[in-house]
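Here are the chains, one letter per residue:
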Amino acid sequence: MLKTAFIRSLLFTLLVIAVVALTACGPEDNADSAVGVNSNKTYHWKMVTTWPPGFPVLQEGAERFAENVKAMSNGRINIKVYAGGELIPALQTFDAVSQGTVEMGHGSAYYWAGKVPEAQFFSTVPFGMTPRGMNAWLYHGGGLELWREIYEPFHVVPFPLGNTGVQMGGWFNKEINSVDDLQGLKMRIPGLGGKVFAKAGGNPVLLAGSEVYTALERNTIDATEWIGPYHDQRLGLYRAAKHYYYPGWHEPGTVLELTVNKRAWDSLPADLKAIITHAAESENVLMLSEMEQKNLTALKEMRARSDIQIQRFPDDVLSRLAAMTEETLAEEATADPKFKRVYEAYEAFRQKDDAWTAISEKSYLAIEHD
(Lines give C-alpha, C1' and ligand atoms only; values in the text may rest on other atoms or scores of the structure.)
Protein backbone atom coordinates (compact mmCIF):
# COMPACT_ATOMS: atom_id res chain seq x y z
CA MET A 1 0.00 0.00 0.00
CA LEU A 2 2.77 2.40 0.98
CA LYS A 3 4.70 1.38 -2.10
CA THR A 4 1.70 2.10 -4.33
CA ALA A 5 1.14 5.48 -2.65
CA PHE A 6 4.81 6.36 -3.10
CA ILE A 7 4.71 5.51 -6.79
CA ARG A 8 1.56 7.60 -7.29
CA SER A 9 3.17 10.52 -5.45
CA LEU A 10 6.32 10.21 -7.54
CA LEU A 11 4.34 10.13 -10.79
CA PHE A 12 2.31 13.17 -9.73
CA THR A 13 5.51 15.07 -8.87
CA LEU A 14 7.06 14.22 -12.22
CA LEU A 15 3.88 15.33 -14.01
CA VAL A 16 3.90 18.68 -12.20
CA ILE A 17 7.57 19.20 -13.10
CA ALA A 18 6.85 18.40 -16.77
CA VAL A 19 3.90 20.81 -16.89
CA VAL A 20 5.95 23.58 -15.27
CA ALA A 21 8.79 23.00 -17.71
CA LEU A 22 6.46 23.08 -20.71
CA THR A 23 4.76 26.22 -19.41
CA ALA A 24 8.07 27.95 -18.94
CA CYS A 25 9.45 27.24 -22.39
CA GLY A 26 6.32 26.49 -24.43
CA PRO A 27 5.38 29.95 -25.80
CA GLU A 28 8.95 30.77 -26.84
CA ASP A 29 9.44 27.37 -28.44
CA ASN A 30 6.08 27.62 -30.22
CA ALA A 31 6.93 31.13 -31.47
CA ASP A 32 10.31 29.98 -32.75
CA SER A 33 8.63 27.02 -34.38
CA ALA A 34 6.10 29.26 -36.10
CA VAL A 35 8.85 31.54 -37.37
CA GLY A 36 10.77 28.54 -38.58
CA VAL A 37 7.79 27.25 -40.56
CA ASN A 38 7.25 30.65 -42.24
CA SER A 39 10.94 31.06 -42.89
CA ASN A 40 11.17 27.75 -44.68
CA LYS A 41 8.00 28.08 -46.74
CA THR A 42 8.37 28.59 -50.49
CA TYR A 43 5.89 30.89 -52.22
CA HIS A 44 4.99 30.52 -55.88
CA TRP A 45 3.29 33.64 -57.21
CA LYS A 46 2.07 34.94 -60.54
CA MET A 47 2.52 38.48 -61.84
CA VAL A 48 0.60 39.81 -64.86
CA THR A 49 1.55 43.01 -66.66
CA THR A 50 0.03 45.47 -69.11
CA TRP A 51 3.06 45.29 -71.42
CA PRO A 52 3.60 43.27 -74.61
CA PRO A 53 5.83 40.16 -74.40
CA GLY A 54 9.52 41.05 -74.39
CA PHE A 55 8.75 44.76 -74.15
CA PRO A 56 12.05 46.54 -73.37
CA VAL A 57 12.60 48.28 -70.03
CA LEU A 58 9.02 47.93 -68.75
CA GLN A 59 8.33 44.21 -69.18
CA GLU A 60 12.02 43.48 -68.75
CA GLY A 61 12.04 45.57 -65.56
CA ALA A 62 9.14 43.57 -64.12
CA GLU A 63 11.00 40.35 -64.91
CA ARG A 64 14.23 41.71 -63.41
CA PHE A 65 12.31 42.61 -60.24
CA ALA A 66 11.05 39.02 -60.00
CA GLU A 67 14.56 37.63 -60.49
CA ASN A 68 15.96 39.92 -57.80
CA VAL A 69 13.26 38.91 -55.32
CA LYS A 70 14.06 35.26 -55.95
CA ALA A 71 17.79 35.85 -55.48
CA MET A 72 17.43 37.95 -52.32
CA SER A 73 14.99 35.47 -50.76
CA ASN A 74 17.24 32.53 -51.64
CA GLY A 75 14.43 31.02 -53.69
CA ARG A 76 11.76 31.30 -51.00
CA ILE A 77 9.54 33.42 -53.23
CA ASN A 78 9.31 32.66 -56.95
CA ILE A 79 7.35 35.04 -59.18
CA LYS A 80 6.31 33.90 -62.65
CA VAL A 81 5.79 36.96 -64.86
CA TYR A 82 3.21 36.97 -67.66
CA ALA A 83 3.04 39.74 -70.26
CA GLY A 84 -0.24 41.33 -71.26
CA GLY A 85 -2.48 38.81 -73.01
CA GLU A 86 -0.46 35.76 -72.00
CA LEU A 87 -2.63 34.94 -68.99
CA ILE A 88 -5.23 37.71 -68.94
CA PRO A 89 -5.95 40.76 -71.15
CA ALA A 90 -3.47 43.59 -70.53
CA LEU A 91 -5.99 46.09 -69.19
CA GLN A 92 -7.51 43.60 -66.72
CA THR A 93 -4.37 43.48 -64.60
CA PHE A 94 -5.79 45.47 -61.69
CA ASP A 95 -8.94 43.34 -61.52
CA ALA A 96 -6.93 40.12 -61.56
CA VAL A 97 -4.86 41.26 -58.57
CA SER A 98 -7.87 42.68 -56.75
CA GLN A 99 -9.81 39.42 -57.10
CA GLY A 100 -6.83 37.29 -56.12
CA THR A 101 -6.66 35.53 -59.49
CA VAL A 102 -2.96 36.39 -59.38
CA GLU A 103 -0.79 37.72 -56.57
CA MET A 104 0.92 40.59 -58.42
CA GLY A 105 0.50 42.99 -61.31
CA HIS A 106 2.54 45.66 -63.08
CA GLY A 107 1.11 48.58 -65.04
CA SER A 108 0.16 52.19 -64.39
CA ALA A 109 -2.70 53.56 -62.33
CA TYR A 110 -4.33 55.60 -65.10
CA TYR A 111 -5.30 52.36 -66.85
CA TRP A 112 -7.93 51.80 -64.14
CA ALA A 113 -9.31 55.36 -64.27
CA GLY A 114 -12.80 54.04 -64.94
CA LYS A 115 -12.73 52.07 -61.69
CA VAL A 116 -10.58 54.34 -59.48
CA PRO A 117 -10.51 57.87 -60.99
CA GLU A 118 -8.46 59.35 -58.16
CA ALA A 119 -5.71 56.76 -58.72
CA GLN A 120 -4.56 58.73 -61.77
CA PHE A 121 -2.68 61.13 -59.49
CA PHE A 122 -0.38 58.24 -58.57
CA SER A 123 0.41 57.74 -62.24
CA THR A 124 0.75 61.15 -63.90
CA VAL A 125 -1.02 64.48 -64.25
CA PRO A 126 -0.84 66.76 -67.31
CA PHE A 127 1.63 69.60 -66.69
CA GLY A 128 2.29 68.00 -63.31
CA MET A 129 5.33 66.71 -61.45
CA THR A 130 8.29 65.03 -63.10
CA PRO A 131 9.80 61.78 -61.71
CA ARG A 132 11.87 63.68 -59.16
CA GLY A 133 8.81 65.36 -57.69
CA MET A 134 6.68 62.21 -57.85
CA ASN A 135 9.27 60.15 -55.99
CA ALA A 136 9.59 62.87 -53.35
CA TRP A 137 5.80 62.96 -52.88
CA LEU A 138 5.32 59.20 -52.83
CA TYR A 139 8.24 58.23 -50.62
CA HIS A 140 8.48 61.21 -48.27
CA GLY A 141 5.44 63.43 -48.81
CA GLY A 142 2.61 61.13 -47.77
CA GLY A 143 1.69 60.11 -51.31
CA LEU A 144 2.30 56.38 -50.92
CA GLU A 145 0.28 56.19 -47.72
CA LEU A 146 -2.62 57.92 -49.45
CA TRP A 147 -2.27 55.66 -52.48
CA ARG A 148 -2.51 52.56 -50.29
CA GLU A 149 -5.55 53.96 -48.54
CA ILE A 150 -7.23 54.54 -51.92
CA TYR A 151 -6.51 50.96 -53.05
CA GLU A 152 -7.47 49.35 -49.73
CA PRO A 153 -11.17 48.76 -50.64
CA PHE A 154 -9.95 46.81 -53.67
CA HIS A 155 -7.69 44.57 -51.55
CA VAL A 156 -4.60 45.80 -53.39
CA VAL A 157 -1.27 47.06 -51.97
CA PRO A 158 0.59 49.38 -54.41
CA PHE A 159 4.29 50.20 -54.75
CA PRO A 160 6.08 52.55 -57.17
CA LEU A 161 8.04 50.36 -59.57
CA GLY A 162 9.47 52.31 -62.49
CA ASN A 163 8.89 55.59 -64.28
CA THR A 164 8.88 56.48 -67.98
CA GLY A 165 10.33 59.94 -67.40
CA VAL A 166 8.97 62.92 -69.32
CA GLN A 167 7.32 61.50 -72.42
CA MET A 168 7.03 62.82 -75.96
CA GLY A 169 3.87 64.56 -77.15
CA GLY A 170 3.05 61.94 -79.75
CA TRP A 171 2.86 61.08 -83.44
CA PHE A 172 0.41 62.92 -85.69
CA ASN A 173 -0.58 62.42 -89.30
CA LYS A 174 -0.79 66.20 -89.77
CA GLU A 175 0.79 69.35 -88.39
CA ILE A 176 -0.63 70.93 -85.24
CA ASN A 177 -0.50 74.70 -85.56
CA SER A 178 -3.38 75.59 -83.24
CA VAL A 179 -5.86 74.00 -80.87
CA ASP A 180 -8.35 73.98 -83.73
CA ASP A 181 -6.22 71.32 -85.41
CA LEU A 182 -7.13 68.95 -82.57
CA GLN A 183 -10.83 69.13 -83.38
CA GLY A 184 -12.20 65.67 -84.19
CA LEU A 185 -8.75 64.07 -84.05
CA LYS A 186 -8.82 60.44 -82.87
CA MET A 187 -5.80 59.92 -80.63
CA ARG A 188 -4.62 57.09 -78.42
CA ILE A 189 -4.13 58.95 -75.14
CA PRO A 190 -5.08 57.61 -71.68
CA GLY A 191 -5.87 59.05 -68.26
CA LEU A 192 -6.37 62.69 -67.42
CA GLY A 193 -4.50 63.66 -70.58
CA GLY A 194 -7.29 62.00 -72.53
CA LYS A 195 -9.93 64.06 -70.71
CA VAL A 196 -8.05 67.27 -71.47
CA PHE A 197 -7.69 66.21 -75.08
CA ALA A 198 -11.45 65.67 -75.23
CA LYS A 199 -12.06 69.14 -73.82
CA ALA A 200 -9.87 70.47 -76.64
CA GLY A 201 -12.21 68.82 -79.14
CA GLY A 202 -10.33 65.60 -79.75
CA ASN A 203 -11.53 62.01 -79.45
CA PRO A 204 -9.34 60.07 -76.97
CA VAL A 205 -8.98 56.32 -77.47
CA LEU A 206 -7.52 53.82 -74.98
CA LEU A 207 -5.49 51.04 -76.56
CA ALA A 208 -2.99 48.53 -75.21
CA GLY A 209 0.58 48.93 -76.46
CA SER A 210 0.32 45.91 -78.75
CA GLU A 211 -2.49 47.60 -80.71
CA VAL A 212 -1.00 51.07 -81.17
CA TYR A 213 1.01 50.68 -84.37
CA THR A 214 -1.67 48.79 -86.27
CA ALA A 215 -4.33 51.35 -85.34
CA LEU A 216 -2.16 54.26 -86.50
CA GLU A 217 -0.97 52.52 -89.66
CA ARG A 218 -4.55 51.62 -90.69
CA ASN A 219 -5.85 55.13 -89.87
CA THR A 220 -8.14 53.78 -87.18
CA ILE A 221 -6.63 56.62 -85.16
CA ASP A 222 -5.09 59.88 -86.38
CA ALA A 223 -2.46 60.24 -83.70
CA THR A 224 -0.94 58.42 -80.78
CA GLU A 225 1.28 59.02 -77.83
CA TRP A 226 3.20 56.04 -76.56
CA ILE A 227 6.25 56.71 -74.41
CA GLY A 228 9.44 58.27 -75.75
CA PRO A 229 12.03 58.03 -78.56
CA TYR A 230 13.36 54.60 -77.65
CA HIS A 231 10.05 52.72 -77.49
CA ASP A 232 8.43 54.75 -80.26
CA GLN A 233 11.33 53.93 -82.54
CA ARG A 234 11.20 50.20 -81.73
CA LEU A 235 7.44 50.17 -82.31
CA GLY A 236 8.04 51.70 -85.73
CA LEU A 237 5.58 54.53 -85.25
CA TYR A 238 7.61 56.73 -87.60
CA ARG A 239 6.46 54.48 -90.45
CA ALA A 240 2.82 55.33 -89.75
CA ALA A 241 3.07 59.07 -89.00
CA LYS A 242 5.78 61.65 -89.65
CA HIS A 243 5.04 64.51 -87.25
CA TYR A 244 6.65 63.79 -83.87
CA TYR A 245 5.73 66.40 -81.26
CA TYR A 246 7.14 67.37 -77.91
CA PRO A 247 6.92 67.97 -74.95
CA GLY A 248 4.77 65.28 -73.39
CA TRP A 249 2.46 67.74 -71.64
CA HIS A 250 0.07 64.91 -70.80
CA GLU A 251 2.66 62.67 -69.08
CA PRO A 252 5.55 64.55 -67.46
CA GLY A 253 6.66 61.61 -65.34
CA THR A 254 4.50 58.50 -65.45
CA VAL A 255 4.84 56.28 -62.39
CA LEU A 256 4.57 52.55 -62.99
CA GLU A 257 3.10 50.47 -60.23
CA LEU A 258 3.57 47.09 -58.63
CA THR A 259 0.27 45.85 -57.22
CA VAL A 260 0.04 43.03 -54.68
CA ASN A 261 -3.10 41.24 -53.57
CA LYS A 262 -3.71 42.17 -49.92
CA ARG A 263 -4.37 38.62 -48.71
CA ALA A 264 -1.22 37.35 -50.43
CA TRP A 265 0.78 40.24 -48.95
CA ASP A 266 -0.50 39.52 -45.44
CA SER A 267 0.51 35.86 -45.80
CA LEU A 268 4.21 36.77 -46.09
CA PRO A 269 6.65 36.87 -43.16
CA ALA A 270 8.26 40.21 -42.38
CA ASP A 271 11.56 39.47 -44.09
CA LEU A 272 9.93 38.63 -47.43
CA LYS A 273 7.82 41.78 -47.23
CA ALA A 274 11.02 43.75 -46.72
CA ILE A 275 12.66 42.05 -49.69
CA ILE A 276 9.75 42.91 -52.01
CA THR A 277 9.63 46.48 -50.72
CA HIS A 278 13.32 47.15 -51.29
CA ALA A 279 13.44 45.27 -54.59
CA ALA A 280 10.61 47.53 -55.82
CA GLU A 281 12.47 50.65 -54.69
CA SER A 282 15.60 49.46 -56.47
CA GLU A 283 13.77 48.71 -59.71
CA ASN A 284 11.99 52.05 -59.52
CA VAL A 285 15.37 53.78 -59.86
CA LEU A 286 16.86 51.32 -62.35
CA MET A 287 13.96 51.46 -64.76
CA LEU A 288 13.90 55.27 -64.91
CA SER A 289 17.68 55.40 -65.38
CA GLU A 290 17.57 52.86 -68.19
CA MET A 291 14.69 54.71 -69.84
CA GLU A 292 16.58 58.00 -69.83
CA GLN A 293 19.74 56.45 -71.29
CA LYS A 294 17.90 54.70 -74.10
CA ASN A 295 15.78 57.76 -74.95
CA LEU A 296 18.73 60.09 -75.41
CA THR A 297 20.41 57.57 -77.71
CA ALA A 298 17.25 56.98 -79.77
CA LEU A 299 16.54 60.71 -80.08
CA LYS A 300 19.96 61.26 -81.64
CA GLU A 301 19.25 58.51 -84.17
CA MET A 302 15.83 59.94 -85.00
CA ARG A 303 17.24 63.40 -85.58
CA ALA A 304 19.53 61.95 -88.20
CA ARG A 305 16.58 60.68 -90.25
CA SER A 306 15.05 62.81 -92.98
CA ASP A 307 11.62 61.14 -92.83
CA ILE A 308 10.80 62.28 -89.27
CA GLN A 309 9.80 65.82 -88.36
CA ILE A 310 10.51 66.42 -84.67
CA GLN A 311 8.51 69.49 -83.71
CA ARG A 312 7.59 71.43 -80.60
CA PHE A 313 3.94 72.14 -79.93
CA PRO A 314 3.23 75.85 -80.50
CA ASP A 315 3.24 77.92 -77.31
CA ASP A 316 -0.42 78.88 -77.66
CA VAL A 317 -1.40 75.20 -77.97
CA LEU A 318 0.47 74.33 -74.78
CA SER A 319 -1.00 77.34 -72.97
CA ARG A 320 -4.54 76.37 -73.97
CA LEU A 321 -3.99 72.76 -72.96
CA ALA A 322 -2.58 73.89 -69.59
CA ALA A 323 -5.67 76.04 -68.97
CA MET A 324 -7.94 73.15 -69.97
CA THR A 325 -6.05 70.88 -67.58
CA GLU A 326 -6.89 73.18 -64.66
CA GLU A 327 -10.53 73.26 -65.75
CA THR A 328 -10.67 69.48 -66.10
CA LEU A 329 -9.16 68.81 -62.69
CA ALA A 330 -11.51 71.32 -61.04
CA GLU A 331 -14.54 69.72 -62.70
CA GLU A 332 -13.50 66.22 -61.71
CA ALA A 333 -12.88 67.34 -58.13
CA THR A 334 -16.29 69.00 -57.91
CA ALA A 335 -18.02 65.83 -59.07
CA ASP A 336 -16.07 63.34 -56.94
CA PRO A 337 -15.09 63.88 -53.25
CA LYS A 338 -12.47 61.11 -53.38
CA PHE A 339 -10.90 62.67 -56.45
CA LYS A 340 -10.95 66.05 -54.75
CA ARG A 341 -9.16 64.75 -51.67
CA VAL A 342 -6.28 63.26 -53.65
CA TYR A 343 -6.16 66.26 -55.98
CA GLU A 344 -5.74 68.64 -53.05
CA ALA A 345 -2.97 66.50 -51.54
CA TYR A 346 -1.18 66.26 -54.89
CA GLU A 347 -1.59 69.96 -55.63
CA ALA A 348 -0.29 71.04 -52.23
CA PHE A 349 2.91 69.10 -52.77
CA ARG A 350 3.20 70.13 -56.43
CA GLN A 351 3.19 73.82 -55.52
CA LYS A 352 6.12 73.32 -53.18
CA ASP A 353 7.87 71.20 -55.78
CA ASP A 354 7.38 73.90 -58.43
CA ALA A 355 8.91 76.52 -56.16
CA TRP A 356 11.97 74.37 -55.61
CA THR A 357 12.24 73.33 -59.27
CA ALA A 358 12.19 76.96 -60.39
CA ILE A 359 15.37 77.51 -58.38
CA SER A 360 17.08 74.14 -58.54
CA GLU A 361 16.51 73.04 -62.14
CA LYS A 362 14.83 75.57 -64.41
CA SER A 363 17.25 78.36 -63.57
CA TYR A 364 20.17 75.97 -63.99
CA LEU A 365 18.99 74.59 -67.34
CA ALA A 366 18.45 78.14 -68.64
CA ILE A 367 22.21 78.68 -68.60
CA GLU A 368 23.58 78.52 -72.13
CA HIS A 369 26.41 76.10 -72.82
CA ASP A 370 29.10 76.60 -75.43
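Structure report, in brief. (Residues numbered from 1 in each chain as written. Predicted model: local features only at pLDDT ≥ 70, side-chain atom pairs only at ≥ 80, totals over all residues. Heavy atoms only, no water.)

## Some details on the layout of surface pockets
Selection rule: The distinction between a cavity and a pocket rests on a 1 Å grid over the protein atoms alone: a 1.4 Å probe fits inside a cavity but cannot get out, while a pocket stays open yet meets protein on both sides within 12 Å along at least five of seven lines, and a residue with an atom within 4 Å of a point counts as lining. Grid points are joined across faces, edges and corners, and a volume is the space filled by probe spheres set on the points. Runs of H or I in DSSP of at least four residues are treated as helices and runs of E of at least two as strands, each being numbered from the N terminus.
When its volume is computed, the largest pocket comes out at roughly 700 Å³. Around the largest pocket sit 24 residues that line it, and Gly128, Thr130, Val166, Pro252 and Lys362 are the ones nearest its centre. Where the lining of the largest pocket is concerned, the elements lending two or more residues are helix 4 (131–140), helix 10 (270–303) and helix 12 (337–365). Ranked by residue count, the leading element in the lining of the largest pocket is helix 12, at eight residues.

## Structural notes on the sheet that holds strand 4 (residues 156–163)
Going by this rule: Two strands are said to pair when DSSP picks up at least two bridges between them. Angles run from 0 to 180 degrees between N-to-C directions of axes, and those axes are lines fitted to C-alpha atoms, restricted for helices to the stretch in contact. Here, residues are in contact when the closest pair of their heavy atoms is within 4.5 Å.
Strand order in the open sheet formed by five strands is 2-1-3-10-4, with mixed pairing between adjacent strands. Looking at which strands have only one partner, the edges of the open sheet turn out to be strand 2 (77–82) and strand 4. Recorded for the sheet is a direction-independent mean angle of 25° between the axes of neighbouring strands. Of the pairings in the sheet, the one linking strand 1 (residues 43–49) to strand 3 (residues 104–107) comprises three bridges and is parallel in character. If you follow Met47 over to strand 3, its bridge partner there is Met104. Packed on one face of the sheet, helix 2 (residues 58–72) meets strand 1, strand 2, strand 3, strand 4 and strand 10 (255–261) and runs near 165° to strand 2.

## Notes on the pairing of strand 1
This is how the line gets drawn: Any residue under 20% of the maximum accessible area for its type is buried, any over 50% is exposed, and the rest in between are partly exposed; the area is computed with a 1.4 Å probe on protein chains only.
The buried fraction of strand 1 is high, at five of seven residues. Here six bridges tie strand 1 to strand 2, and the two strands are oriented parallel to one another. Its bridge partner lying in strand 2, Trp45 is registered against Ile79.

## Some thoughts on the packing of aromatic side chains
Selection criterion: Between 30 and 60 degrees the pair is tilted, below 30 it is stacked and above 60 it is edge-to-face, where a pair is any two Phe, Tyr or Trp rings, Trp via its six-membered ring, whose centres lie within 6.5 Å. Ring-over charges, as used throughout, are those where CZ of Arg or NZ of Lys falls within 6 Å of the ring centre and within 35 degrees of the ring normal.
Going through the model one piece at a time under the given rule, you end up with 20 aromatic pairs. The ring of Tyr82 is capped by Lys80, whose NZ or CZ atom sits 5.7 Å from the centre of that ring. Above the face of the Phe159 ring, Arg148 is positioned so that its terminal group lies 4.5 Å from the ring centre.

## Quick word on unusual backbone geometry
Of the consecutive residues Tyr246 and Pro247, the connecting peptide bond is found in the cis state with omega at -5°. Here Pro247 is to be found in the loop between strand 9 (243–246) and strand 10. We note that Val57 has phi near 70°; this positive angle belongs to a residue other than glycine. Of note, Val57 is situated in the loop between strand 1 and helix 2. On the basis of relative accessibility, which here comes to 0%, the residue Val57 falls in the buried class.

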